[in-house]
Each structure stands twice: as structure tokens, then as C-alpha cells.
Amino acid sequence: MRAATIQNGEIAVAEQADPTPGPGEVLVRVRAAGLNGADLLQVKGHYPAPPGHPQDIPGLEFAGEVVARGPAAGRFAEGARVTGITGGGGQAELLKVHERQITPVPHGLDWAQAGGFSEVFTTAHDAIVTQAGLRPGERLLVHGAAGGVGTAAVQLGHALGAHVTASVRNGALHERVATLGADEVVEPALLADPEREVDPFDVILELVGAPNLDTNLRRVAVGGRIVVIGVGAGVKGELNLMRLMSARARIMGSTLRARPLEEKAIAARHVEREVLPLVERGAITVPVAATFGLDDAAAAYARFAEGGKLGKIVLTMD
Ligand SMILES: NC(=O)c1ccc[n+]([C@@H]2O[C@H](COP(=O)([O-])OP(=O)(O)OC[C@H]3O[C@@H](n4cnc5c(N)ncnc54)[C@H](OP(=O)(O)O)[C@@H]3O)[C@@H](O)[C@H]2O)c1
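The following refers to the structure shown.

Cut-off values and rules
Residues numbered from 1 in each chain as written. Predicted model: local features only at pLDDT ≥ 70, side-chain atom pairs only at ≥ 80, totals over all residues. Heavy atoms only, no water. Axes fitted to C-alpha atoms, helices over the stretch in contact; angles between N-to-C directions. Helix = DSSP H or I, 4+ residues; strand = E, 2+ residues; numbered from the N terminus. Parallel < 35°, antiparallel > 145°, perpendicular 65-115°, else oblique. Contact = heavy atoms within 4.5 Å. Nonpolar A, V, L, I, M, F, W, Y, C, P; charged D, E, K, R; others polar. Buried < 20%, exposed > 50% of the residue type's maximum accessible area, 1.4 Å probe, protein only. Near = heavy atom within 4 Å. Polar contact = N/O pair within 3.5 Å; in protein donor to acceptor, adjacent residues only side chain to side chain. Areas by Shrake-Rupley, 256 points an atom, 1.4 Å probe, with all protein chains shown as cover. 1 Å grid on protein atoms, 1.4 Å probe; cavity = no way out; pocket = protein on both sides within 12 Å on 5 of 7 lines; lining within 4 Å. Sits in = over half its atoms within 2 Å of the grid points. Domains from an automatic or database assignment. Pairing = 2+ DSSP bridges.

**With respect to the packing of helix H3 (residues 118–131) against helix H9 (residues 261–280)**
It is the contact of H3 with H9, at a shortest axis distance of 10 Å, that shows an interaxial angle of 85°. The orientation of H3 relative to H9 falls into the category roughly perpendicular. Across the interface between the two elements, Phe121, Thr122, His125, Val129 and Thr130 of H3 pack against Ala267, His270, Val271, Glu274 and Val275 of H9. For the contact of H3 with H9, the per-class residue count stands at 5 nonpolar, 4 polar and 1 charged.

As C-alpha cells, this is what we get:
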């Protein structure tokens, strides 16, 4: 098979051995696979894949058809259209993945959208619903809201009946983020300005990192929850414990890629039950900023790194 392959700190396309599905696994002919920040880090050697996944083929989310089943794999028939998460190896023509980590492709998504769906929607749902317990009527703040996880969280928050504030530094994208369901889209500087009055937030999804720590502690509501999912802009900051204590707030953090199969399977079941129906009735979509063929994988990585996009960059395998 052909696969996006890490060679000397760069992404190239190379021949790789076809994977063979083991017990409980299926072999997927991949049609599309989204790019994520973790892939860029992995290419540069800063974020090795978890054990059991190829070290030189990135790709955490994919969509395609089941073409073979390993022993005891019974959830999906051959030919089933599936999307899912994996610890790596998704950006290839073939992928072996445990059947509990995948879901059907919901009606309403084309292959590119389905390929860019699972990692970001699983991450967003797990963060704001499973971990932070977002409730209808609560106020949700999403930092970095124009990216893959951010556009997922804005739509989920809106669909779940929360009031959604999106923080987006690129003014050119404000209107498009609003159309995804944000009640307001603001510049990060507005929230950081202590003179500006802003109603406090029950849940804050942090996708940018440490520079927002102080803002988040100023803006969190009593009983609020801050979930740290992305730290691209910095990992260290000063924590005002008095503010945390006064707000009786909680700060939590999480990663998806390194979780064991059992936890990924639970997250996938939550997506299956709570997110797929929203896609199928048109309440949620996957904004795809650009698609690139596998041969243009290097260009896709360059486009992702450039930023300034709404939603996903996706590799297509046809
Ligand atoms: N913990 C996990 O399990 C998990 C899972 C998935 C993703 N992540 C992480 O979560 C983060 C978001 O993922 P993603 O897929 O949504 O990435 P993405 O598509 O690249 O989106 C990131 C967004 O954040 C904005 N941003 C970046 N730096 C900023 C800064 N200094 N100030 C304001 N805005 C800034 C970007 O704006 P521009 O376009 O203007 O640059 C972009 O809109 C990444 O760090 C990713 O690695 C973590």
C-alpha cells in the first residue's frame, strides 16, 4: 500500500507493507484521513506514536470501507462505511483498527468530511460533555474556535442548547464561525482585557494554551470547568489559586491518542449515540477548508501549518 510516510523529519509518500487485522480488528480501505496538530509534531519527531501503531505513518482519524475482518471482529460487515480514531497509521491506503474504535459514517457526510470527523468530534464531545458536563443553558467559551476541534465544539455546544462564545484571532473567519452556531465570535484580546465586562463562562474549552490561563480564571463562572486540550501557544503559566478557589472552579486536561482501547471505545460509543444523530439531522457538519490527494501530502501538511483555515485539512486517497 501507499502511505504518507515520515522520512528525515519531512512527510513523503512511500510504499509500506499492507497491515493484517488481528483479533477484533478490521482492515479499512481508507478513502480520506484528516490532519491534526499531533501529526505535525510527530513528523518533527516530537510526539512518537503510542506502542502498537506505526511510528512512521501519521494519521489519527480516517474514513473508508471495511475490506477484511480479523478473528472475532463482528460489528461491521465487509463493505461497511466507517469512520474512526486510531493512534496512528490513518494516512495510508489501508489501516487496521479495532472495531470498537470505529462508528458508521453518518448520512450527510461525504468521504472528505467523514475523514476529518472522528478525532475532532470525539475530542470536542469528550471534553465539553463527558469531562466538563456541559448542560443546556450554560455558557460555553471555545478558544481557537475556527480550527478542527473548535468548529466541532461550537456546533456541539450550540446543538446541546448552550450559549456559545467563540474566541477567534482571525477576523476574516468570525462570520463563518457564527454561522456554525456561535452566539458571538470575539477577538481573544477582548476576553483578555480586564476592563471589558463579559458574563462568566460555565465551561471553557482551551485549545490554544497557557497564554489564556489568566483570562480563563478571570472569566470562569462559580462552579465552572476549564478543560485544557491544546497547548500549541504555550505549556506553562501562572495559576492564581485565589481565583480558582473563589470560583470553586475546576481545571482539567486530557489527551485522546494515548488512551487505552477500552477508553477509546467508550468515547466512540458516546459519539455514536450522541453525535451521529446530530449529523444525520443536519445540526452538525464538518467544515473542510481544503482536500489534498495522497501524492500531495507534503502540501497538505504545509497548508495545515500555515493556519488561517476554517475546520479541517483532509487527505483523500482516490
Ligand atoms: N488533547 C487531545 O486529545 C487533542 C486532540 C485533538 C487536538 N488537540 C490539540 O488541540 C488544539 C486544537 O486542535 P485543532 O485540530 O482544532 O487545531 P487547528 O485546526 O490547527 O486549530 C487551532 C486553532 O487555534 C488557533 N490558534 C493557534 N494559536 C493561537 C494563538 N496563539 N492565539 C489565538 N488562536 C490561536 C488557530 O488560529 P490560526 O488559524 O489563526 O492559527 C486555529 O484556529 C491543537 O493544539 C491540537 O494539537 C488535542
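What follows continues from the structure just given.
**Quick notes on the side chain of Asn216**
Among the secondary structure elements, Asn216 is positioned in helix H7 (residues 213–219). Relative accessible area serves as the criterion here: at 2%, Asn216 is assigned to the buried category. Ignoring anything within four residues of it in the chain, the contact list for Asn216 reads Leu141, His143, Ile204, Glu206 and Ile226.

**Quick notes on the environment of Ala249**
Structurally, Ala249 is set in the loop between helix H8 (241–246) and strand S13 (250–253). For the pair Ala249 and Gly223, spaced 26 residues apart in sequence, the C-alpha separation works out to 4.9 Å. In this view, Ala249 contacts Val220, Gly224 and Leu244; residues no more than four positions away in its chain are not counted.

**With respect to the site of the ligand**
Lining the immediate surroundings of the ligand are 23 residues, of which Arg169, Ser254, Leu256, Gly308 and Lys309 lie closest. A distance of 2.8 Å separates an oxygen atom of the ligand from a polar backbone atom of Val149. Protein contact buries 78% of the 920 Å² of open area that the ligand shows by itself. Here the ligand is seated within the largest pocket. At the level of secondary structure, the elements contributing two or more residues to the shell around the ligand comprise H3 and helix H4 (148–159). Class assignment for the residues of the shell around the ligand results in 8 nonpolar, 12 polar and 3 charged. Taken domain by domain, the shell around the ligand gets at least three of its residues from each of domain 1 (2–117 + 257–316) and domain 2 (122–253).

**Things to note about the sheet that holds strand S11 (residues 201–206)**
Here we have 6 strands laid out as an open sheet, ordered S10-S9-S8-S11-S12-S13, and parallel in their pairing. Every interior strand has two partners, whereas the edge strands, strand S10 (184–186) and S13, have only one. Along the sheet, successive strands turn relative to each other by an average axial angle of 15°, direction set aside. By the bridge criterion, 3 bridges tie strand S9 (residues 163–167) to S10 in an arrangement that is parallel. Of the residues in S10, the one forming a bridge with Ser167 is Val186. In the packing of H3 onto the sheet, the strands contacted are strand S8 (139–143), S11, strand S12 (220–228) and S13, and the crossing angle to S11 comes to about 155°. Seen against the sheet, H4 touches S8, S9 and S11 and runs at an angle of roughly 170° to S8.

So far we have only geometry, and geometry alone does not tell us how the molecule works.
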